[in-house]
Amino acid sequence: QVQLVESGGGSVQAGGSLRLSCAASGYTGNTYYMGWFRQAPGKEREGVATIGNGWTFYADSVKGRFTISQDNAKNTLYLQMNSLKPDDTAMYYCAAPGAYRTTSSPLRGNEYDYWGQGTQVTVSS
């Protein structure tokens, strides 16, 4: 029932910026947090950024460069990515938990139940 659709990926040179969007639909209850994950070839999926009620958490590798935000009226989650580096190259996924679920480890994939199809980000040097 819940559907997440990412957009905004593309190719950019090192130092450039991109803004990813995630459109959510099909929810029947309150969602307390959302997250962005990424997976590069040959590497495991990692949590990038999460947002809840009055809090955000970021992976150390993106702190100061990425900003997660949401527009509840539009049911849309965003990830503003600045000062991009080649190591940021990956498929980026939007994720959401089931209704009313809470977490103390929001950067762990097991804390999420719904996933988007992904959008590719490629950063060249």
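Here the structure is shown first, and the text comes after it.
Keep in mind the model is a prediction, meaning the values are calculated, not measured.

> Looking at this model, I keep getting lost on the side chain of Asp88. Mind explaining?
Positionally, Asp88 belongs in the loop between strand 8 (76–81) and strand 9 (90–96). We classify Asp88 as buried; its relative accessible area is 1%. Of the polar contacts made by the side chain of Asp88, one reaches the backbone nitrogen of Lys85; its length is 2.8 Å. Once residues lying within four places of it in the same chain are set aside, the contact partners of Asp88 are Arg38, Val62, Arg65, Phe66, Ser83, Val121 and Val123.

> Is there a simple way to think about the state of the cysteines in this case?
Disulfides are covalent bonds that link the sulfur atoms of two cysteine residues. Throughout the structure, instances matching the rule amount to one disulfide. Two residues share a disulfide in this structure: Cys22 and Cys94, whose sulfurs sit 2.1 Å from each other. Classification of the bridge connecting Cys22 and Cys94 rests on its S-S torsion, roughly -75°, and on that basis the disulfide is left-handed. Highlighted residues: Cys22 in strand 3 (residues 18–25) and Cys94 in strand 9, separated in sequence by 72 residues. In this structure Cys94 comes out as buried when scored by relative accessible area, which is 0%.

Calculation notes
- Residues numbered from 1 in each chain as written.
- Predicted model: local features only at pLDDT ≥ 70, side-chain atom pairs only at ≥ 80, totals over all residues.
- Heavy atoms only, no water.
- Helix = DSSP H or I, 4+ residues; strand = E, 2+ residues; numbered from the N terminus.
- Buried < 20%, exposed > 50% of the residue type's maximum accessible area, 1.4 Å probe, protein only.
- Polar contact = N/O pair within 3.5 Å; in protein donor to acceptor, adjacent residues only side chain to side chain.
- Contact = heavy atoms within 4.5 Å.
- Disulfide = S-S within 2.5 Å.

Everything listed here is a matter of coordinates, which is why it stays silent on function.
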